[in-house]
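Observations on chain architecture
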Amino acid sequence: MNATRELEHPVTHEQAPASLSVEEELRELDTDGNKGLHTEEARRRLEHYGPNAIQEKRASAIKRLFLFFWGPIAWMIEAAAGLSAVIRHWEDFLIIVAMLLINAGVGFWEEFKAGSAIEALKQRLALRARTLRDGRWTEIAAAELVPGDIVELRLGNIVPADCKLIAGDYLTVDESNLTGESLPVDKKQGAVAYSGSIVRIGEMRAVVTSTGMNTYFGHTAHLVENAEARSHFQQAVLKIGNFLILITLGLISLILVVALFRHSSLVETVMFALVLTVAAIPVAMPAVLTVTMAVGAASLAKIRAIVSRLVSIEEMASIDVLCCDKTGTLTKNELKLGEPLVFTELGPEYVVLMAALASCRKSADPIDQAVTGGVRNPSQLDDFIVSEFKPFDPVSKRTEAEVREPNGSAFKVIKGAPQVILDIAQPDPAVRLRAEMEVEKLAGRGYRTLGVAKTDSTGLWQFLGFLPLFDPPRDDSAATIENVRRMGLDVRMVTGDHIAIARETARKLHLGERIVAANDVFAPSIEVNRHSAVELADGFAQVFPEHKFKIVQQLQAEGHIVGMTGDGVNDAPALAQADVGIAVSGATDAARAASDLVLTAPGLSVIARAIEEARKIFERMTSYAVYRIAETIRVLLFMTLSIVIFDFYPVTAIMIVLLAILNDFPIMAIAYDNAAVADKPVRWDMNRVLSISSVLGILGLISTFGLFWIAEDYLRLPSPSVQTLIFLKLLVAGHLTIYLTRTSKPFWSRPWPCWELLVAAESTQVLGTFAAVYGYGMSPIGWLYALIVWGYSLAWFLFNDRIKLATYGLMRHRMDVNVAAFKAIHKVLHEPGRYMSNEQARVSKL
């Protein structure tokens, strides 16, 4: 039993009248509705149209794997491996090659999982179809269907292709995965049933009109295939890698040129340059950032948010626009009774009770469940005996029951579409006018309305009133939206429901009043102002998959980092295109496969917590990037200038390798560090990263030269001891720099470093100190000079922290000036009448 069309439904997603009648369609497709196609003709059409399946263009696995070894970052790692082999540092060679293979393997696996979006869409197609060929019914593989085939659709079938219904009473079809509408749709002869939808009630015969990629379902798959989400993380890694490569190559080239002019030992110089290059090139950078994101993904999993694409964690921290699906995300995706509109003296509870008697209590129909669930005292229903029940059908648009009361008297009760109930009950003209006005008001607010009437003791119908039905917001939606807005995100509602329903939901959740119909936004007539329409809208209604896809694209074109939630096949293209696609709890396989984040808990609150966690992860990655660049500048510049100006090699090749090894432990521990949560979206600001890195790197350079000067001119140490002193300084000061880069506030500010980072940093400093004191692989310097280095490094650490704060303060001041200028320009453009003449205002609007 289904009561889908009992309602006066403001949604107008009914199938538009087909352009061709059934007879014209059969003639156009050159087929016979009673005999079907001949087998030979079907074979010929299959060769012409291709199989009824989603086609996908994919490069070979070998080619896709090879691409992970191609590009600046890959070249950088490969060059480091080659240099290690040239100088016969086989341990380094094996480690670097292992990192290269791991990075390529992880990337290839992530891409392989992303490709499962298309596979999940394929699974939605029916595997078999009952088809009429050569005048006989037979069951064939759905992939063999061709336009012109006659198929039978019945309860439980997945519609195998786009079909026009040509015979039978009616079908009730669940299209929620395609259109986003939560209730099934009734279809009659001449309507179109879409591929991938599910038959819930009825049995009809249909002719196949489109197959494969030409179906509505296929078009959705094509949008998923063509979606191109940008990875700002990969762009940032590329910029950092290129910056470090250029610095390294430039300084190494300078060392070689100077050595050539000085007639220094070319072999010794080249060997040292190669070791320095291997140490300076950030071979571990992709691995470190990947581990940081993997640790973050594990944290997100604890709050029931599963990450399917690691780089999406960085994108999640940067989201500034969150497009939310209404049904099931902002709302509960279940019908609830509103306050009944009563046209009888017996009261609202009586109206609900009578409507429940005209419902099937055992039915899974959402309307019947809402009505029976609205009875305050369900035991009252047991006092009545339903002697006869007529279920809903699309012709009568009502349900009807014959009921016997405890005293033995009988009456009839009906519920259904308001106009139908009013026609049957025939109330007074004044009452009917008021009733129709109430229906219009409810429809204007997005309510679905149900009419109720019963017979009196004389058998005459009495109109009782209306039951408004709606999908209520989740209990936490309003609070979560407010919380998300405090985090700097702009929340936009995107729904396939009618604009009236969308506006009412937006009103309840305080989302804004600018709710627009997608067809209006993407009409050809507003091509010029489309970006403004999308930018200014608070939400979009009557949205189809291509609309969602275009909304995301348009927002991205405006410079936004876009998050998109969804749960159905219809959402998959937009989920794939968004910077962060979020499949909500209960999403289809296609939606989950196209998404970057899969939620296993309902509602928006999980998204807010996931964004907070992502911002922590972003801070850790930024901390590492600043540290790595600062260290490269400090070490490379110091060594280069020492060689070029003083003709002195400040550390040995063994010391460089030891430094690189000891640095790796605290670097990896950054992935577990405690990090502050930014109060607004964060993005990779390379100017900021390079500025603070350069300042810290140059300060490190100055302090290291200061120690070099003290050791040479005041302590008068021999060259091997000076080298050990410099080694210990680079190690101790370098690890202390991690505490500077992890926060833009004073280094002692909360949150404090995690125990993993503290243990890793301090233990490697102690190990390096013991190596310097007792001369493991270098000349020993004793405890006195080691303590001098520690004291010197700590003093500079405190000074560097002050300079860091001043640098951040200067950058914030410049940012505030830029923001103020932007706001002033924005105000002039949006309130031109206050600042311009009428003519100037008209031109500015144009």
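Scroll up to find the structure this text is about.
Residues numbered from 1 in each chain as written. Predicted model: local features only at pLDDT ≥ 70, side-chain atom pairs only at ≥ 80, totals over all residues. Heavy atoms only, no water.

**Topic: a nonpolar patch on the surface**
A cluster of nonpolar side chains, namely Val766, Phe770, Tyr774, Tyr776, Trp783 and Leu787, defines an oily patch on the protein surface of about 640 Å² accessible area. When contributions to the nonpolar patch are tallied by element, the ones reaching two or more residues are helix 29 (755-774) and helix 30 (782-830). Here Trp783 shows up in helix 30. For Trp783, a relative accessible area of 39% puts it in the partly exposed group. (Patch = residues over 30% accessible without salt bridge, like charges linked within 9 Å, V, L, I, M, F, W, Y side chains within 5 Å. Areas by Shrake-Rupley, 256 points an atom, 1.4 Å probe, with all protein chains shown as cover. Salt bridge = Lys/Arg side-chain N within 4 Å of Asp/Glu carboxyl O. Helix = DSSP H or I, 4+ residues; strand = E, 2+ residues; numbered from the N terminus. Buried < 20%, exposed > 50% of the residue type's maximum accessible area, 1.4 Å probe, protein only.)

**Digging into the environment of Pro780**
Structurally, Pro780 is set in the loop between helix 29 and helix 30. Pro780 gets classed as partly exposed once you look at its relative accessible area, which sits at 45%. Sequence spacing of Pro780 and Thr724 is 56 residues, and the spatial spacing of their C-alpha atoms is 7.2 Å. In contact with Pro780, not counting residues within four places along its chain, are Ser721, Ala772, Val773, Tyr774 and Gly775. (Contact = heavy atoms within 4.5 Å.)

**Considerations on the pairing of strand 3 (residues 150-154)**
Strand 3 sits mainly inside the fold: 4 of its 5 residues count as buried. Pairing between strand 1 (residues 128-133) and strand 3: 2 bridges, direction antiparallel. When the bridges of strand 3 are listed, Leu132 appears paired with Ile150. As judged from the 5 bridges shared by strand 3 and strand 7 (residues 198-210), these two strands associate in the antiparallel manner. For Val151, the partnering residue across the bridge sits in strand 7 and is Ala206. (Pairing = 2+ DSSP bridges.)

**Description of the sheet that holds strand 18 (residues 515-517)**
With respect to topology, 8 strands assemble into an open sheet ordered 8-22-21-20-9-17-19-18, the strand pairing being mixed. Edge positions in the sheet fall to strand 8 (305-307) and strand 18, since each of these pairs with one other strand and no more. Across the sheet, the axes of successive neighbouring strands diverge by a mean angle of 20°, strand direction being ignored. Strand direction decides the pairing type here: strand 9 (residues 321-325) and strand 17 (residues 490-494), joined by 5 bridges, are parallel. Within the sheet, the bridge partner assigned to Leu322 lies in strand 17 and is Val491. Contacts from helix 22 (residues 545-557) reach strand 9, strand 17, strand 19 (539-541) and strand 20 (562-566), with the element oriented near 165° to strand 20. With respect to the sheet, helix 25 (residues 605-646) is in contact with strand 8, strand 9, strand 20, strand 21 (580-583) and strand 22 (597-599), its orientation differing from that of strand 22 by roughly 140°. (Axes fitted to C-alpha atoms, helices over the stretch in contact; angles between N-to-C directions.)

**Focus on the pattern of salt bridges**
In total, this model carries 31 salt bridges according to the counting rule given. Note that Arg43 and Glu47 form a salt bridge whose closest N and O atoms lie 2.6 Å from each other. Note that Arg43 and Glu47 are positioned in helix 2 (residues 39-49) at a spacing of 4 residues, about one turn of the helix. Classification of Arg43 as partly exposed rests on a relative accessible area of 39%. In this structure, Arg683 and Asp320 form a salt bridge, with 3.5 Å as the shortest nitrogen-oxygen distance. On the criterion of sequence distance, the pair formed by Arg683 in the loop between helix 26 (653-669) and helix 27 (686-714) and Asp320 in the loop between helix 12 (312-318) and strand 9 is long-range, its members being 363 residues apart.

**Focus on the packing of aromatic side chains**
One pass over the structure, following the stated rule, counts 20 aromatic pairs. Ring geometry for Phe343 versus Phe463: centroids 5.1 Å apart, planes at 50°, classification tilted. Taken together, the residues Phe343 in the loop between strand 11 (341-342) and helix 14 (348-357) and Phe463 in strand 16 (residues 461-470) connect sequence positions 120 residues apart. As far as burial versus exposure is concerned, Phe343 and Phe463 are alike and both buried. Taken together, Phe638, Phe646, Phe648, Phe705 and Phe708 form an aromatic cluster joined through their ring pairs. Across from the ring centre of Phe411, 4.5 Å away, lies the NZ or CZ of Lys454, which sits over that ring. (Phe/Tyr/Trp six-rings, centres within 6.5 Å; stacked < 30°, edge-to-face > 60°. Lys NZ or Arg CZ within 6 Å of the ring centre and 35° of its normal.)

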